[in-house]
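# Results of the structural survey
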Amino acid sequence: MLYFYHTTPTEAKGFLPMTEEARLQEHLRRLERLLEVNRSMSAILDLKDLLHHILEVGAELVDAESCSILLYDEESQQLYFAAGPPSLLSRAQNIPVPLDNSLAGWVFTHNEPLITHDAPQDPRYFPGIDRNLQHQTVSLVAVPLRLQDRVTGVLEAINKRHGYFNQQDIETLEILAAQAAIAIHNAQMLQKAQTAYEELQRLDKMKSDFIAITSHELRTPLSLILGFATHLREILDGDAQRYIEMIIRNALRLKELVEDLSHLENFQRRSSVVQRRPFNVVLTLRELVQELSALADTHGVTLEFKAPDTIPLIEGDRKKIALALRQVVKNAIQFNRPEGKVWIHLHSIPGFVKITVEDTGIGIPAKDLPHIFERFYQVESHLTRRHGGMGLGLSIAKTMIEAHGGQIWAESEEGKGSVFSIVLPVTQRQVNAGQVLLPPDPTA
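Here the structure is a predicted model, which is why all the values come from computation and not from measurement.

Our focus in this paragraph is the environment of alanine 296. One can find alanine 296 in helix α8 (residues 281–298). The spatial distance from the C-alpha of alanine 296 to the C-alpha of glutamate 339 is 9.8 Å, given a sequence separation of 43 residues.

What follows is the structure in structure tokens.
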């Protein structure tokens, strides 16, 4: 409840001073209440509720009608009411308080506390607030809100009920001001983080929508190009064949990029279904090595594949796992050196099969290594990269592997090649046979 009882300096002359014992008791009472406020800062999550609590305690401790917080607005270069009694705050929020010719402005600019026992007679008094609120400020104590070495606003208490504002009131408000400054700063940082997160979500949605639209709209014209180019290859001869082959080769490359976009988008929109069936990963890898041998020859890279005589079956979607493995092996070939090597090793660990793809390529800089599985991330500058691609391959691989309950990680040293490790769970039958299904340690 908000009271509007005012004690003037004339009326306060009959106020009896405290004894030393009473002053000590009052000091202890204030410290206890301030400690309660400090504890409540972690319990009250809503900023408005917390500031309201701080101001209520402040008014109680300094025996004032009410307390308010004014913050500085850099754009208008004025103070505005950020917290106070609800009955006054709703009307006071639209009233700017100038830095010049106001008591709060003086506290803010001088970074010093202030006490006045007859505010209307003070040359720094700003009558606009009282006039608009139909309220009379008689006495006032105000202290700066500080955040480290920066003044961010003012905490003020108006109209002492009994006696005069004093140094003890200043000390009490300074403690509350420090608590309020921290609470406001934390809330502002949280709001900025929330705003940034929402903006990232908006941008991510725009990117996802672009991927979906692009992959969809490119399919039809690309199919027509490939269809007609294939037909022309059959009916034309001579030099035309060379040009047609170039058209088909680049159209197939574009088709692969569109398919990458489509695969990634389907998983992100959860429209892709993982059809889990047991299959032999050894056969899948042999087919993959055979498929990519032409690409390896083009880059002058040797592919080697080794697997044990027996290996557990994998329970999962064979096509999706093959796509993930293809992305990793293809990267190892494309980012390799002339006469380089790529080793693909397969072995069994309890409950899992582990596939490693090691290369003698250019390696990955340490600063880029944590980001290589992110969508569209390119280790090289987009202006200078020589190896093509959209930065989707490893992101697709990670998405596919994790959809099967597996893990993928990379170890690399710039200039000395990379090792990609993929771990996939075996079939449920193998688990039921007694093998322990625990995630492996990627650092082991």
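Turning next to the confidence of the model for the chain. In the predicted model, the chain carries a mean pLDDT of 81, and the fraction of residues at 70 or more is 84%. Within the model, the stretch residues 1–16 combines pLDDT values under 50 with 32 contacts to residues more than four positions away or in other chains.

This paragraph deals with the nonpolar core. Judged by nonpolar contacts, the single largest core of 41 residues is most densely connected at Leu303 and Ile355. Listed by contribution, the elements that provide at least two residues to this core are α8, α9 (318–334), β9 (341–349), β10 (352–359), α10 (393–403), β11 (407–412) and β12 (418–425). It is α9 that provides the largest number of residues to this core, a total of 8 residues. Contacts of isoleucine 355, omitting those with residues within four sequence positions, involve Val281, Leu285, Leu325, Ile344, His345, Leu346, Phe420, Ser421, Ile422 and Leu424. Among the nonpolar cores identified, the runner-up in size contains 28 residues, and Leu51, Ala59, Ala157 and Ala180 belong to it.

Turning to its location among the elements, threonine 284 is positioned in helix α8. According to the relative accessible area criterion, threonine 284 is buried, its value standing at 5%. Within the local environment of threonine 284, its side chain forms a polar contact with the backbone oxygen of asparagine 280, the two atoms lying 3.2 Å apart. Here arginine 318 takes part through its side chain, which lies 3.3 Å from a polar atom of the side chain of threonine 284. Setting aside chain neighbours within four positions, we find threonine 284 in contact with Phe279, Arg318 and Ala322.

Taken as a whole and assessed by the stated rule, the structure comprises 2 cavities of 30 Å³ or more. The calculated volume of the largest cavity comes to roughly 290 Å³. Surrounding the largest cavity, 25 residues form its lining, Phe81, Ile129, Thr137, Glu156 and Ile158 being those nearest its centre. For the lining of the largest cavity, the secondary structure elements donating two or more residues are β1 (64–73), β2 (78–83), α3 (86–92), α4 (103–110), α5 (128–133) and β5 (150–160). Partitioning the lining of the largest cavity into residue classes produces 17 nonpolar, 6 polar and 2 charged.

The next subject is the environment of glutamate 402. Positionally, glutamate 402 belongs in helix α10. The partly exposed category is assigned to glutamate 402, whose relative accessible area is 42%. Sequence spacing of glutamate 402 and isoleucine 422 is 20 residues, and the spatial spacing of their C-alpha atoms is 10.0 Å. At a separation of 2.6 Å, a polar atom in the side chain of glutamate 402 contacts the side chain of lysine 398.

An order of β2-β1-β5-β4-β3 is seen for the 5 strands of this open sheet, with the pairing classed as antiparallel. Looking at the sheet topology across the chains shown, the edges are occupied by β2 and β3 (114–116). Sheet twist, expressed as the mean angle between neighbouring strand axes with direction ignored, is 25 degrees. Bridge analysis of β1 against β5 gives 7 bridges, and the strand direction is antiparallel. Considered in β5, the bridge of leucine 70 is made with valine 154. Docked against the sheet, helix α2 (residues 47–61) engages β1, β2 and β5, running at close to 135 degrees with respect to β1. Running at roughly 40 degrees to strand β4 (residues 140–147), helix α6 (residues 167–235) makes contact with β1, β3, β4 and β5 of the sheet.

With that out of the way, let us pick up the sheet that holds strand β7 (residues 302–306). Strand order in this open sheet of 5 strands is β7-β9-β10-β12-β11, and the pairing throughout is mixed. The open sheet has two edge strands, β7 and β11, and neither has a second partner. Looking at each pair of strands side by side, their axes are set apart by 15 degrees on average, direction ignored. Pairing of β9 with β10 involves 8 bridges; the strand directions are antiparallel. Counterpart to histidine 347 in the pairing with β10 is lysine 354. Against the sheet, α9 makes contact with β7, β9, β10, β11 and β12, and its axis sits at roughly 20 degrees relative to β10, the strand it touches most.

Quick notes on the rules
- Residues numbered from 1 in each chain as written.
- Predicted model: local features only at pLDDT ≥ 70, side-chain atom pairs only at ≥ 80, totals over all residues.
- Heavy atoms only, no water.
- Helix = DSSP H or I, 4+ residues; strand = E, 2+ residues; numbered from the N terminus.
- pLDDT = per-residue confidence, 0-100.
- Contact = heavy atoms within 4.5 Å.
- Core = buried A, V, L, I, M, F, W, Y, C linked by side-chain atoms within 4.5 Å.
- Buried < 20%, exposed > 50% of the residue type's maximum accessible area, 1.4 Å probe, protein only.
- Polar contact = N/O pair within 3.5 Å; in protein donor to acceptor, adjacent residues only side chain to side chain.
- 1 Å grid on protein atoms, 1.4 Å probe; cavity = no way out; pocket = protein on both sides within 12 Å on 5 of 7 lines; lining within 4 Å.
- Points joined across faces, edges and corners; volume = space filled by probe spheres on them.
- Nonpolar A, V, L, I, M, F, W, Y, C, P; charged D, E, K, R; others polar.
- Pairing = 2+ DSSP bridges.
- Axes fitted to C-alpha atoms, helices over the stretch in contact; angles between N-to-C directions.

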